[in-house]
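Here's the letter readout for the chains.
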Amino acid sequence: LVSSEGEASHVKSVAETAMADAFGFSVDTVVFTQEALLHAVEACPFPDTSPVAIAFCSGRIDHDAHTRLLALAVPGEDVAVMGEFAYLRLGRGQGS
């Protein structure tokens, strides 16, 4: 979703309402600027070109949450946290 509708709080509210109306349940939504998204991609801590998923969170990921994420990883998976972004390199892909 790309929007030029102004304040992040307004875009968040519009998106959440539209998804609730369309799907019948609420969805927490985070809004980032194009610059923040580009920064997230450029800041990827993994040096190779293997596929990486980026989880965009609503705030900084604290130490305890980072520890819980690391505990969920299985051999062949890597997790790195930078601010409100979690980088997931999943050796067998997502949903496997």
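Residues numbered from 1 in each chain as written. Predicted model: local features only at pLDDT ≥ 70, side-chain atom pairs only at ≥ 80, totals over all residues. Heavy atoms only, no water.

Undergrad: For the nonpolar core, give the residues involved together with the corresponding values.
TA: Formed by Ala-40, Ala-43, Phe-46, Ala-80, Phe-85 and Tyr-87, the largest nonpolar core amounts to six residues. If we skip the residues at most four places from it in the chain, Phe-85 touches Phe-32, Ala-36, His-39, Ala-40, Ile-54, Ala-55, Phe-56, Ile-61 and Ala-80. (Core = buried A, V, L, I, M, F, W, Y, C linked by side-chain atoms within 4.5 Å. Buried < 20%, exposed > 50% of the residue type's maximum accessible area, 1.4 Å probe, protein only. Contact = heavy atoms within 4.5 Å.)

Undergrad: Go over the environment of Lys-12 with me, naming the residues and quoting the values.
TA: Examined against the element boundaries, Lys-12 turns out to sit in helix α1 (residues 8–23). Between the C-alpha atoms of Lys-12 and Phe-46, which are 34 residues apart in sequence, the distance is 30 Å. If we skip the residues at most four places from it in the chain, Lys-12 touches Thr-29 and Val-31. (Helix = DSSP H or I, 4+ residues; strand = E, 2+ residues; numbered from the N terminus.)

Undergrad: Lay out the state of the cysteines in plain terms, naming residues and giving numbers.
TA: Enumeration according to the criterion identifies zero disulfides in this entry. Cys-44 takes part in no disulfide bond, and the closest cysteine sulfur, belonging to Cys-57, lies 15 Å away. Owing to a relative accessible area of 26%, Cys-57 belongs among the partly exposed residues under this scheme. (Disulfide = S-S within 2.5 Å.)

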